[in-house]
Amino acid sequence: MKMWSLPVKAAAVVLIVAAGASAQTADKPVKPANPDSGRSCFRNADVTGWTDVDKTTINLRVGVRDVYQLKLLGPCGDIDWDLRIALRSRGSDFICSGFDVDVIAASTLGPQTCPAGSVRRLTVDEVKALPSRQKP
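Criteria and cut-off values
- Residues numbered from 1 in each chain as written.
- Predicted model: local features only at pLDDT ≥ 70, side-chain atom pairs only at ≥ 80, totals over all residues.
- Heavy atoms only, no water.
- Salt bridge = Lys/Arg side-chain N within 4 Å of Asp/Glu carboxyl O.
- Helix = DSSP H or I, 4+ residues; strand = E, 2+ residues; numbered from the N terminus.
- Buried < 20%, exposed > 50% of the residue type's maximum accessible area, 1.4 Å probe, protein only.
- Phe/Tyr/Trp six-rings, centres within 6.5 Å; stacked < 30°, edge-to-face > 60°.
- Polar contact = N/O pair within 3.5 Å; in protein donor to acceptor, adjacent residues only side chain to side chain.
- Disulfide = S-S within 2.5 Å.

## Some thoughts on the pattern of salt bridges
One side chain can pair with another of opposite charge once the charged atoms of both are near each other.
Item 1. Within this structure, the stated rule accounts for 7 salt bridges.
Item 2. Residue aspartate 78 is joined to lysine 55 by a salt bridge in which the shortest nitrogen-to-oxygen separation is 3.9 Å. Taken as a pair, aspartate 78 in the loop between β4 (66-72) and β5 (86-89) and lysine 55 in the loop between β2 (47-54) and β3 (57-62) lie far apart in primary sequence, 23 residues in all.
Item 3. Taking relative accessible area as the criterion, aspartate 78 reaches 27% and is therefore assigned partly exposed.
Item 4. The exposure class assigned to lysine 55 is partly exposed, which follows from its relative accessible area of 33%.
Item 5. Among the ionic pairs, arginine 120 bridges to glutamate 126, the shortest N-O distance being 3.0 Å.
Item 6. Arginine 120 gets classed as partly exposed once you look at its relative accessible area, which sits at 35%.
Item 7. Glutamate 126 gets classed as partly exposed once you look at its relative accessible area, which sits at 28%.
Item 8. Ionic contacts of the salt-bridge type, sharing partners, join the residues Lys55, Asp78 and Asp80 into one network.

Following this line, the structure appears as structure tokens:
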């Protein structure tokens, strides 16, 4: 019995330390080193609008001034005609890469899940250069 108690206690300590480390990092939003680098994270709940660019690309308004572009892994239903979409984050509230989010869109066969391949924050100049129809 004593032979099992040491590994169990050691495993418990490792789990407690790992849980504490992840709790500390989860409280802090990830910010880019360079604001124009295009890489940062946002919360699903902070998305305030969207527009399609084409069947594989959507632009998201996050908060008041940020715009993120999601590139989907393939064409997504009738996303270019949809009035509403849903974003389903995977694992965390923060979306930092395409693997963190799925887009749920309507199609003629019902709701379609469309995995994202990449996500990036557009620079101020890129947002200004967008045609008005592509600005969320």
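## Structural notes on the packing of aromatic side chains
To describe a pair of aromatic rings, one takes the distance between the centres and the angle between the planes.
Item 1. Tallied over the entire structure, the rule returns 1 aromatic pair.
Item 2. Considering the side-chain rings of phenylalanine 42 and tyrosine 68, the 4.4 Å spacing of their centres and the 45° angle between planes classify their relative orientation as tilted. Of this pair, phenylalanine 42 sits in strand β1 (residues 42-43) while tyrosine 68 sits in strand β4, and the two are 26 residues apart along the sequence.
Item 3. Residue class for tyrosine 68 comes out buried when judged on its relative accessible area of 2%.

## So, the environment of aspartate 54
Item 1. Relative to the helices and strands, aspartate 54 resides in strand β2.
Item 2. For the pair aspartate 54 and aspartate 80, spaced 26 residues apart in the sequence, the C-alpha separation amounts to 6.2 Å.
Item 3. From its side chain, aspartate 54 meets the backbone nitrogen of threonine 56 in a polar contact 2.8 Å long.
Item 4. Of the polar contacts made by the side chain of aspartate 54, one reaches the backbone nitrogen of threonine 57; its length is 2.9 Å.

## As for the state of the cysteines
Item 1. In the structure shown here, the tally under the stated rule is 2 disulfides.
Item 2. Through a disulfide, cysteine 41 is tied to cysteine 96; the S-S separation comes to 1.9 Å. In this structure the cystine formed by cysteine 41 and cysteine 96 twists about its S-S bond by roughly 120°; its chirality is therefore right-handed. Pair noted here: cysteine 41 is in the loop between α1 (2-26) and β1 and cysteine 96 is in the loop between β6 (94-95) and β7 (101-105), with a separation of 55 residues, a long-range link.
Item 3. Among the residues examined, cysteine 41 registers a relative accessible area of 11% and is labelled buried.
Item 4. Shown here for the chain is a disulfide pattern of 1-3, 2-4, where each number marks a bonded cysteine counted in sequence order.

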